[in-house]
Every structure is written in structure tokens, then in C-alpha cells.
Amino acid sequence: FDPEGLVTRAEMAKMIATAVNGGEAPEFGVKVTPTYTDIKGSWAEQYIEYCSDMKYIAGRGDGTFNPYGNVTGVEAAKMILTALGYDAEAYQLVGADWAINTTFFATRNCKPSLYENLNKVNMNAAITRDTAAQMIWNGMQNVYVEYTPTLQVTGGSLSHGYGPNSNNYTLLEQAYDAHITVATFDGNKNVVTSLKDDQIQVTTTSSGDPAAVAGTAGAKAITADLDISHIGETVKVIWKNEKNTPAGLDAKDKVYGVYPTGETEVVLATLGDVKNQKTTDQKLAVGDDKYDLDDSVKVTWNYDTTTSETRSKTYTTGLAGDGSNNGQLTTDLKQATGDSLKLLLNDGKITAIYVVESKLGVVTAKNSEKVTITGVGTIKMADHDVYADIAKNDVVVYTRLYDKSDLEKAFVIVEKAEKISGEIKGYKGNENVNVDGTAYDLYKGQALASLSGLTGSVNAAFASTDIGEDFDFYMVNGYVGAAKQTSESASNYSLVIDIKANGSTSSAFTNLQLQVLAADGTKSIITVSDDSAVKADTGYHKGDIVTYTTDKNGDAVVKVEVPYDTAVPGKETAAGTYTKANKSVGTTVTAADCVLFAETTTNAVGHASAKYNAYKIRDLDNQTFTANAWTQVVDDGKVVAVFADLTAKATGATEDVVFGIVTDDAGTTKIDGTAYTTYTIWDGTEDVTVNVQTGTLTEGKLYGFVRTSDGTYSNANAFVCLTDEATAIGTPFTLSTQLGDVVTGNAVYVKEYVVEDKLFTYYTNVGSPNADGIYDTLTGQATNPVDDDVEIIYVNVDKDSKGDDIGVNGFNTMSGKANAMILYKTDGTILTIIVETSDKADING
């Protein structure tokens, strides 16, 4: 279109000729002898001749038209006025004062002015193509002028005059049979459920001129689109009444466009801009301004117009404070967030308020079609606005529009969360945190989001021990919504779990070696360097907490941080506790990544069959340490490492427990000379390879087991067969204590899984099929809470394979098959949901 290009006189002739002919080129040829000497052969010759004959344009006065000369704004205005019926002679648009008179009629007579929305344009200079288009559009909305002759009976004289046409038609109506109706935008199909996909609803305030509206006022469904952000605003609907349709604006009519008029007084702000308003004045304080409130104010959150009082509420009370406290409206809106706030004012008073709220979530699963987000659930990406390259474990900001309770009716916008990284210099309660010298407000001025699914140490609130530590801060519209510590103060600590007692480093022919367990759970063998403080195997003990660096030969320079030996000071002589609530061992707070090394069998530390594990202590529940059976390392006022003889698996430790379906039996192999049977188990995320020395596993069955570092198991008894345990659907079964807190399981018929409420409901009995083969005798149901870190595993027991990510759906009443197994703690909290996807077999079959 070249909007900034200057308009030529030839182009202006074509635009006017087309505009007055309903968008079509006029049926007009060219003359043998052109009206102007310089237009013969021009591409615009027919348009120039047409406009000249219609007296819309005139030449330069010397027989030329100058088709490629530029047009000024005043010249364009004269051409449009004459096209509207203003006779150049009668209205004195010629002569010395033509420009003055043209401007007068273009601005005073025309409604809208031909110069509307062009305040900054110099009309005495050459205009651009976009300016010409705006001027013509302004002209088309004006009533065109008619010449009206009148015969005087007395004297027989003939007089005439100019005035609005008899029907008061605009040029738009006359040339296009189109009308303009001013209305209020009510919303789209997600807000007004009676609408169809391609419709919106507007409400007209008056019937208007019958020729324009030809119908009664009120709500009207029309076939059009408009961004939901304009809800509640005054709009201009440009439309044409289609033939053989009822009079008046409706869904069958052609709509050329719907445009906000700018007439609605709109104030855009954020919830964080709302201030205290405790006086008895009926006002809302936003930023530095105070706005009067109408006696009835409707507040809608995320365009959810369902009957829920928390999402769409009309305030007729609580609009003013009592002198000491805010009114309820201010209380509900005054939040420390960057969520958008839109105020609509009518006659200077707020009548409606729209809030769009966003929240943080974590991507817990993703395939080619669907993505699962904490706080949202599983959605099809094609049906929502999801950013490209979204991946598992991404922290996201999601905005759930239209319906809070029913995900199928909602529309979700998902964006990757902004992340700010830096060192905490200070904080003020739940109000703000200082990061590298910059203060950031906390989202809603409350405890931070736990962000289930986000790995690492996630803070709910800041403590003095966080000062000086590095964090990642995840932002929601400029506010800190979650914080995760990234400084690694305990990662260098290891535990001695075995010693190669073949001499000492003083011998040139032997090496002292230690097997150590690192904080991340990996085991390795290190050769002790001569530069180590302790050089003899008798100086090391199983259970010692050590750190080490590497010398120039690649050997480990080992330092014993705290020994585990009765003869050497180091063991804690009093019993100890780790308290999850305050993240402390005794009265000393733990570092964010404090490691707990533990001996987890009934064997004593140092016994050949003793087993050692490493845990991040903040991931565990409360722990109790026996006197003279634990040690700790304190650095810079924080506990960074602990070793304890627990004699059992740490309470709350589930990160090394695996559940899944055996998808493959790969046969027998040898590992270090020992024969094992190799199996593949799908755990919902990856294929886990296990090697079993004695006993067998069965393809298609579900198992739970504790993962080992090398993937080898001496006996199949290490695997708990969930399928065999679930002998009766709906009857709980107890799992082996080696699986930690996951102690109970149940094969069930799913009713629903409500992600927002973290509740899982299932039927206890579905009876027998009716005559149509439908299982509809639903007798009894139960509900369990769902853990923030719930794991969902999809399996296909019919094909002995992994299943498709179909979401946790209700059971199929056509099949009547139990379609899930839930695994939960003694308090009923579900930690794992295994979903059977085939509908062809019960999950325990």
C-alpha cells in the first residue's frame, strides 16, 4: 500500500471514483478528445474523466490536469466535499478564498470532520496515501448533499437550494448499502456461551435511524471478531444488511469490521497500583488518582463470567471504607502483583472492572501434542496459546481465561517465566527482596510458590541464612513468584564407604584407595595422594565425611572433615534431629543443598553388607539421629553435611523409588562374570534397564523398586509386583517397607482428577453392565488428596508397553476396566498415579 508515499492527483481521482461507486471502478470510458491535454494514455485517464464530468475535480486552469503532481490536504478535502455534493460555485470552493471555505465546510459542516484523527497533519502540504485514505473514510461517514429545485407558484419563478438528502443517507449507506452502529462489546463465545465460534456479542443502546439500524436496541450476536481486551468498551460496527434476512443487525449480516471508538473512558493499571482508600468516600484509589465508584460495580477476573462469586462479582456494598479500614472492593483488588487492571468509567464513575491474573507453573510432561503444567493440568497445545519450544521442567507464567473450573472451556496462555539470577543482599519479610542491590516486590506479598515439579531448593520464605546466597528468581509480571537457591555450598563433601587396605602410601608398590559416595549419590574409587594429611588406611574409617582435590598426578588430596570413629572426636554424643519445618539440625539451619549421608540397613556402619545412601536433607521429612551414631559438618554457621546410622531408609525419601511397567525381557547377559537377566522398565519418563541375578520379572506387569547406582539386583525379591498385590480392584494393599513412604496401593475406576484442587476421586464399584453394555451402576466413591510432586505414569498393559499421555481421564463406561493405580502415603496423599491407556484390560490384569 505504501502508506507513507505521497498521493498524486491521478491516484486521488481513482480513490474518489472508486469510493463513490461502492468500491467498484466506474463504468466510464475515455473521450476521443480528452478534457485535459496531459492525461491522454494515462493509466488514470478514465477516472480523471469520470471525476471531471461529475465535477468532483477540476484542472489547473490552463487546460492541464497535472496527473502526477502531488495533492495537498486542502485540495483533497475540496475533492471529497464535491463528491459529497457540495457544489464548488455555490459553496465558494473556487476563487481566492477557496482554501479558507474548504477548510470551514470540511471541519464545521462535516460530522465527522474530514480532518478527524489527523490533528498533526499539515493540510497545506502534500499528503500521504494513508492520510488520503483516512480523509475519504471520514467523508464516507457524512450525509451527502442534494440540489433541490423549488417552483414558486406566485410569479412562476424557480428557486433552488442545497441541503441534506431526503433520506439523510451517508455516502457509506448510499454507495455501499452499509451502516454504522455504535454499541458496547459484551464478549466472545467464551464469555457469552450462547454464541458460536465465529461470533461476538454487542449491545446497542438505541434503535437509531431505521435506515441505519432498523431494529430494536439490545444484545445482538454478530459474525465478527474482536480482541477480548476490548470487552465493555464502546465500539463502532460497520455492517450491511444482507438480502433476505431480517431487518436490523444480526448474525446473518455482513460485518465489515468492529472498531473501538475510543469514547469509553478506560483506565489501565495493575493490581499493584491499587492504594488504601479507608475513608467513607465511595472511591477507588489507583496510583496517584482516585476514581468515583458507581453504586453497582461488576468485577470480572480473567473474563470468567460463570456464577462463581470469586470470579465474577457485583459489588453494591463494600464500595467505601469506614474511616479505619478499606471497603471490600479495595481489599479484594489491593494486591502486590503486576496483574492487569482495567477500569471502565461511565459519566465519570467506575461501573465495571476487569482483572487478568497470571500464575507460575512448571512443565511436568510434554509430547508432540500435549503439555502438562502444575496448576493447569494437561492441555492440547494447538487449542491454546503456548510458546514455541516449551520443554519439560520449564518454569512458566500461565494465564487461564474464561473458566476456572472446567479446563475444556478455558483458554490458556503460556509464556516462559522471566528469570532473574543474583545474590540476596537483604529482604523485608514477605514484602521484597534485594538482589544485587535492586529491590523486587514479592508476588502478593506472601509466601512464595512452592512450584511442585521444580527441582532444587525452592524457598517458601526468606531467612537470614539466605543472605549472601545465590538464587534464581522466577517473575510474574515483574514480581518475584518463586525463588530457588543455586549456590552449592555442600557439593564437595563425600562419604568414605570402603577402604582398600593394601598398605600405605609410604610404599612405592602399593596405593591406598578409598571408595567414596558423593553428595549426588554417585560412587567412585579415589587414589589417596601423598599430599594428603592422612596417608595410612588405618587413619580412615567407613563413615568419615571427607573433601578432596586432585594433585598433579591425578590422585586425591583428601581431608577428613569429621571422622566416624569412637577413638577420634567427631561423633555427636547426644541424640539429634532434623526438623523439616525450620530446615534445621538441632538449632542450626541447614544449607540449601545440605547432604545427609546415611547407612540404611540394620547392619552396623562398616559391616560388609551395610548400605549407604545420599539425600538432600531438605527433601526429607523429620529425621532422628541416635547418640554416638551421627556426625555433622558446620560451615559458616550452616550445617552442610551429616552422616547418620539410620538403620532404615530415610523418612520421606522417595527420589530413588521407581514405579513402572516391564516392557522388554532382553534375556541373559554377564556383568563382571556374573549372569543376569536384563529387563526394560518404563517409568513414565525413561526406559530403565535392570539386571536381576536370580528370579524373574514378567512383561506387562507393574513393579516398584529402589534404583541402584549400577542397575544390578541380586534377587527379583527386590521388586514389588504391584499387579500381583492388587488382587481385588478397590481393595488397598500394602507395599514392601523398602519403598519408603509409599506404603499403600489401590487399583481403581477413575471418576475425576481435579488438578486445581489437587483431589483424585474414584468409584469403589461400577457393578455389571446394563442391557446396552454400559457400566453405570456406580455404588460409592472415595477421594484422596494429591501431592504437589505427584508423578503420573502412562502404561498400556494390553500391549505390555508404555502408554500415550492421554491425561488422567475418567474410566470408560463401555469397557468397565479399572484404569488407574494410585500409590499413596499412610495419610492418604497420592504420590504416584499409574494410568492404563488401552481400555482393554484392568490395570491389575
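Shown above is the structure to which this text applies.
None of the values given here were measured: they were computed from a predicted structure.

J.: How should the packing of aromatic side chains be read in this particular structure?
T.: Tallied over the full model, the rule gives 24 aromatic pairs. The ring of F65 is capped by R9, whose NZ or CZ atom sits 4.3 Å from the centre of that ring. Its end group placed over the ring of W682, K802 keeps NZ or CZ at 4.2 Å from the ring centre.

J.: Help me understand helix α3 (residues 73-83) in this model?
T.: Residues spaced three or four apart along an α-helix face the same direction, because each turn holds 3.6 residues. A large share of α3 lies buried, amounting to 11 of its 11 residues. Those residues of α3 that fall on the buried side of the exposure criterion are G73, V74, E75, A76, A77, K78, M79, I80, L81, T82 and A83. Residues of α3 that are buried in the fold lie against α1 (9-19), α4 (98-109) and α5 (129-140). A positive backbone phi angle near 105° is found at G85, which sits one or two residues after α3.

J.: Explain the environment of I80 to me, please; I cannot follow it from the model alone.
T.: Positionally, I80 belongs in helix α3. I80 sits 26 residues away from A106 along the chain, and the two C-alpha atoms are 8.9 Å apart. Filtering out sequence-adjacent residues up to four positions away, I80 remains in contact with M12, I16, L114, M135, I136 and G139.

J.: How should the pattern of salt bridges be read in this particular structure?
T.: When the charged atoms of two side chains with opposite charge come close together, those side chains can pair. One pass over the structure, following the stated rule, counts 17 salt bridges. Residues joined by salt bridges that share partners form a network here, namely K31, E49 and D53.

J.: In this structure, what is going on with the sheet that holds strand β39 (residues 674-682)? I would like to understand it.
T.: Strand pairs in the sheet, formed through backbone hydrogen bonds, run parallel or antiparallel to each other. Read from one edge of the open sheet, 6 strands run β42-β40-β39-β38-β41-β43, paired in mixed fashion. Only two strands of the sheet have a single partner each, and these edge strands are β42 (712-715) and β43 (720-721). In the sheet, strand β38 (residues 657-671) pairs with strand β41 (residues 702-706) via 5 bridges, with the strands oriented antiparallel. Paired with I661 across the bridge in β41 is L702.

J.: Where do I start with the nonpolar core in this structure?
T.: Most often, soluble globular proteins keep nonpolar side chains buried together rather than apart. Counting residues in hydrophobic clusters, the biggest one holds 50 residues, and the most contacted among them are M12, I16, I48, Y86 and M135. Of all elements in the fold, only α1, α2 (45-53), α3, α4, α5 and α6 (171-176) reach the threshold of two or more residues within this core. Looking at this core, the element that brings in the most residues is α3, giving 7 residues. Beyond its immediate chain neighbours, meaning those up to four positions away, M12 contacts V7, V71, A76, M79, I80, A132 and I136. Core analysis: the second largest hydrophobic core is formed by 34 residues, Y493, C594, A614 and A644 among them.

J.: Hey, could you run me through the packing of α3 against α5 in this one?
T.: Between two packed helices, both the angle of their axes relative to each other and the distance between the axes serve to describe the pair. Contact pair α3 / α5: the axes reach a minimum separation of 10 Å and the direction vectors enclose 30°. Judged by the inter-axis angle, α3 sits roughly parallel to α5. The chirality of how α3 crosses α5 is right-handed. Residues G73, A76, A77 and I80 of α3 form the contact with α5, whose own contacting residues are M135, I136 and G139.

J.: Sorry, what's going on with empty space enclosed by the protein here?
T.: Summed over the entire model, instances satisfying the criterion amount to 2 cavities of 30 Å³ or more. Taken as a whole, the largest cavity holds about 120 Å³ of empty space. Every residue lining the largest cavity is listed: N302, R311, E357, K359, Y398, T399, R400, K404 and E756. With 3 residues, strand β18 (residues 395-401) is the largest single contributor of residues to the lining of the largest cavity. A breakdown of the residues in the lining of the largest cavity according to their chemical character gives 1 nonpolar, 2 polar and 6 charged. Of the volumes computed, that of the second largest cavity is approximately 60 Å³. Around the second largest cavity, the lining residues are I16, A19, V20, I80, A83, L84, I136, G139, M140 and L171. Only α1, α3 and α5 provide two or more residues apiece to the lining of the second largest cavity.

J.: What is the right way to read the sheet that holds strand β16 (residues 377-380) from this model?
T.: Judged by pairing direction, the sheet is mixed, and its 6 strands sit side by side in the order β16-β15-β14-β18-β19-β17 without closing on themselves. On the outer flanks of this sheet lie β16 and β17 (385-386), each paired with one strand and no other. Both β17 and strand β19 (residues 411-416) contribute to a ladder of 2 bridges, which runs parallel. Across the sheet, the residue bridging to V386 is V414, located in β19.

J.: Just checking my understanding: could you explain unusual backbone geometry for this structure?
T.: In this chain, K111 is followed by P112 through a cis amide linkage whose omega measures 10°. Within the fold, P112 resides in the loop between α4 and α5. Residues other than glycine seldom take positive phi values, yet K758 does so here, at roughly 55°. Take K758: it is sitting in the loop between β45 (744-754) and β46 (759-763).

J.: Mind showing me how you'd approach the side chain of T300 here?
T.: As for its placement among the helices and strands, T300 is situated in strand β10 (residues 289-301). Accessibility expressed as a relative area gives 2% for T300, which makes it buried. Beyond its immediate chain neighbours, meaning those up to four positions away, T300 contacts T305, R311, S312, I353, Y354 and V355.

J.: I tried to follow the side chain of T600 on my own but got confused; where do I start?
T.: With respect to the helices and strands, T600 occurs in the loop between β33 (588-599) and β34 (612-616). Residue class for T600 comes out buried when judged on its relative accessible area of 12%. In this structure the side chain of T600 is engaged in a polar contact, spanning 3.0 Å, whose partner is the side chain of N613. Not counting chain neighbours up to four residues away, the residues in contact with T600 comprise K611, N613, Y615, T647, A648 and K649.

Criteria and cut-off values
Residues numbered from 1 in each chain as written. Predicted model: local features only at pLDDT ≥ 70, side-chain atom pairs only at ≥ 80, totals over all residues. Heavy atoms only, no water. Phe/Tyr/Trp six-rings, centres within 6.5 Å; stacked < 30°, edge-to-face > 60°. Lys NZ or Arg CZ within 6 Å of the ring centre and 35° of its normal. Buried < 20%, exposed > 50% of the residue type's maximum accessible area, 1.4 Å probe, protein only. Helix = DSSP H or I, 4+ residues; strand = E, 2+ residues; numbered from the N terminus. Contact = heavy atoms within 4.5 Å. Salt bridge = Lys/Arg side-chain N within 4 Å of Asp/Glu carboxyl O. Pairing = 2+ DSSP bridges. Core = buried A, V, L, I, M, F, W, Y, C linked by side-chain atoms within 4.5 Å. Axes fitted to C-alpha atoms, helices over the stretch in contact; angles between N-to-C directions. Parallel < 35°, antiparallel > 145°, perpendicular 65-115°, else oblique. Left-handed = near helix turned anticlockwise from the far one by under 90°. 1 Å grid on protein atoms, 1.4 Å probe; cavity = no way out; pocket = protein on both sides within 12 Å on 5 of 7 lines; lining within 4 Å. Points joined across faces, edges and corners; volume = space filled by probe spheres on them. Nonpolar A, V, L, I, M, F, W, Y, C, P; charged D, E, K, R; others polar. Polar contact = N/O pair within 3.5 Å; in protein donor to acceptor, adjacent residues only side chain to side chain.

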